[in-house]
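Each chain, letter by letter, is given below.
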Amino acid sequence: MIGRVIRWSADNSKIVYIACILLGIWGAFCLKNIKIDAIPDLSETQVIIFTEWMGRSPDLIEDQITYPLVTSMVSAPEVKVVRGQSMFGMSFVYVIFEDGTDLYWARSRVLEYLSKSSGMLPEGAAPSIGPDASGVGWVFQYALVDPTKQHDLSHIKTFQDWYLRYWLASVPGVAEVASVGGFEKQYQVEIDPNKMTSLKVSIGKLVTAIKDNNKDVGGRTIEISEKEHYVRGLGYIKNPKDLEDVSLGIGPGGTPIRVGDIGRVSVGPNIRRGVSDLDGKGDTVGGVIVMRQGEDVSTVIAGVKKKLEEVKGAFPPGLELKVIYDRSILIKEAVGTLRNNLIEEIILVCIVMFIFLLHFRSTVVVVISLALSLLISFIPLY
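None of these values were measured; they are calculated from a predicted model.

Peer 1: Break down the overall build of the protein chain for me, with residues and values.
Peer 2: Broken down by element type, the protein chain carries 12 helices and 14 strands. Counting contacts in the protein chain only where the partners sit at least 6 residues apart, residues at least 24 apart contribute 71% of the total. Once the 40 positive and 43 negative side-chain charges of the protein chain are each reduced to a mean point, those two points are 3 Å apart.

As structure tokens, then:
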């Protein structure tokens, strides 16, 4: 059989030349456009359901949220296993599907069964599914540092959460930009139980009053001199003084009761479930770029870097971005190692062939065969 192939190829050399050239061009095209990653993605098709119900103990989270979601997801089609994890104020449910299941089909099935089980969850618990990424989607990480000490962690966290995060999320191929570290700024009301008891104000009344007094309301229009004037009520809280002046009702003697009469209002950090440290110098604020499954790592990272250059001028004075992890460097190193090894092997084979055969054409045939076989191998990979 091999002899016939060799004989046919020798008799039809022009056809062989044309086929080799076409396969070489096809292989070069595949080599240029193939998606390359240094870390193979062997993860299963998985959808994560996250539910936050702050202030509740893990056993309550397990009974009220995790268990109902797990029992409802086990009956979904193509589901292989469902795992649940409960912690203080948070619930994670991992729905793992059979191998070969399309990720977006799996996400749609989870959303379908999630809508059926939403009525079993307690009020205030709103489950959501995680990003459409795999276990190796962590491709880029950065930290925001301020050598000038002009900004504290809360200000840097605000810039990360309300500006930089959304700028980077607009890059094609980015599934999520997860913020790490820093302090989330919030208004905090520290109440005095003795004052609340004496003025007969309950916790529920306080919470309801703050919610009702922190919103804008719309009205109708008033026509004055053939012009329409919009009427609206502005009620959003903008500083601690606005929160202190929220009315809680009428006290003894017709005196109004304010939030400031039963407690102290201040600006402080929200509860943190983790911390981010850079080079052992203390807390820092950063972000993690999570790539959408199936995207090209190098293209996504290049888009992130381009976007960072575009928005660099919008950074607060003194704030700098430091790259912590960049997988494109690892990919370039891996490709460089492969390229150097192939070149070394070709040179070594050429030297051996020329020394033992002293025939230049035979050496050229080996070089062409090695290069062509490499290009052809990229066609099925692509």
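Peer 1: I'd like a description of helix α3 (residues 58–73), backed by residues and values.
Peer 2: Maximal helix bending in α3 amounts to about 40 degrees, located at threonine 66; proline proline 68 follows within four positions. Of all the residues in α3, the buried ones are Ile61, Ile65, Thr66, Pro68, Leu69, Val70, Ser72 and Met73. For α3, the secondary structure elements touched by its buried residues are β1 (46–52), β2 (79–87), β3 (90–97) and α4 (103–117).

Peer 1: Give a detailed account of the nonpolar core, specifying residues and quantitative values.
Peer 2: Judged by nonpolar contacts, the single largest core of 23 residues is most densely connected at Phe140, Tyr142, Leu144, Leu164, Leu168, Ile289 and Val304. At the level of elements, β5 (138–145), α5 (153–169), β6 (174–180), β13 (285–291) and α10 (297–311) are the ones that each hand at least two residues to this core. Here this core gets 6 residues from one element, more than from any other, and that element is α10. Among all residues touching isoleucine 289, those that are not within four sequence positions of it are Gly137, Trp138, Val139, Phe140, Tyr142, Leu168, Val174, Glu176, Val177 and Val304. The next biggest cluster of nonpolar side chains, apart from the first, holds 20 residues, and it includes Ile65, Val93, Ala106 and Tyr113.

Peer 1: Tell me what's going on with the sheet that holds β2, and back it up with residues and numbers.
Peer 2: Paired through their backbone hydrogen bonds, the strands of a sheet run either parallel or antiparallel. Within the open sheet, the 4 strands sit side by side as β2-β3-β1-β4. Their pairing is antiparallel. The sheet is open, and its two borders are formed by β2 and β4 (128–129), each paired with just one other strand. As defined by bridge partners, β1 adjoins β3 across 7 bridges and the pair is classed as antiparallel. Of the residues in β3, the one forming a bridge with valine 47 is valine 95.

Peer 1: Give a detailed account of α4, specifying residues and quantitative values.
Peer 2: In this model, α4 (15 residues) spans 21 Å end to end at C-alpha, consistent with the 21 Å of a helix rising 1.5 Å per residue. Buried residues of α4: Leu103, Ala106, Arg107, Val110, Tyr113, Leu114 and Ser117, and no others. Burial along α4 is one-sided: seen end-on, the buried residues are contained in an arc of 135 degrees. Structurally, the start of α4 carries an N-cap: the backbone nitrogen of tyrosine 104 is 3.2 Å from a side-chain oxygen of aspartate 102.

Peer 1: Outline the confidence of the model for the protein chain, listing residues and values.
Peer 2: Atomic detail in the predicted coordinates should be set aside for any region of low pLDDT. Residues at a pLDDT of 70 or more form 100% of the protein chain, whose mean pLDDT is 87. Of all helices and strands in the protein chain, the one with the weakest mean pLDDT is helix α1 (residues 2–11) (80), whereas β3 scores best (93).

Peer 1: Break down the environment of glutamate 184 for me, citing the residues and quoting the values.
Peer 2: Inspection of the secondary structure assignment puts glutamate 184 in the loop between β6 and β7 (185–191). Along the backbone, glutamate 184 and proline 269 are 85 residues apart, and their C-alpha atoms lie at a distance of 5.3 Å.

Peer 1: Give a description of the pattern of salt bridges that names residues and reports values.
Peer 2: Across all of its chains, the model carries 14 salt bridges by this definition. Close ionic contact of lysine 241 with aspartate 245 constitutes a salt bridge, the shortest N to O distance being 2.7 Å. By relative accessible area, aspartate 245 is classed as partly exposed at 36%. A single salt-bridge network, built from bridges that share partners, covers Lys241, Asp245, Arg258 and Asp261.

Rules used in this analysis
- Residues numbered from 1 in each chain as written.
- Predicted model: local features only at pLDDT ≥ 70, side-chain atom pairs only at ≥ 80, totals over all residues.
- Heavy atoms only, no water.
- Helix = DSSP H or I, 4+ residues; strand = E, 2+ residues; numbered from the N terminus.
- Contact = heavy atoms within 4.5 Å.
- Lys, Arg positive; Asp, Glu negative; His and termini not counted.
- Charge placed at Lys NZ, Arg CZ, Asp CG, Glu CD.
- Bend = angle between axes of the 7 residues up to and from the residue.
- Buried < 20%, exposed > 50% of the residue type's maximum accessible area, 1.4 Å probe, protein only.
- Core = buried A, V, L, I, M, F, W, Y, C linked by side-chain atoms within 4.5 Å.
- Pairing = 2+ DSSP bridges.
- Expected span 1.5 Å × (residues − 1).
- Arc of directions from axis to C-beta.
- Polar contact = N/O pair within 3.5 Å; in protein donor to acceptor, adjacent residues only side chain to side chain.
- pLDDT = per-residue confidence, 0-100.
- Salt bridge = Lys/Arg side-chain N within 4 Å of Asp/Glu carboxyl O.

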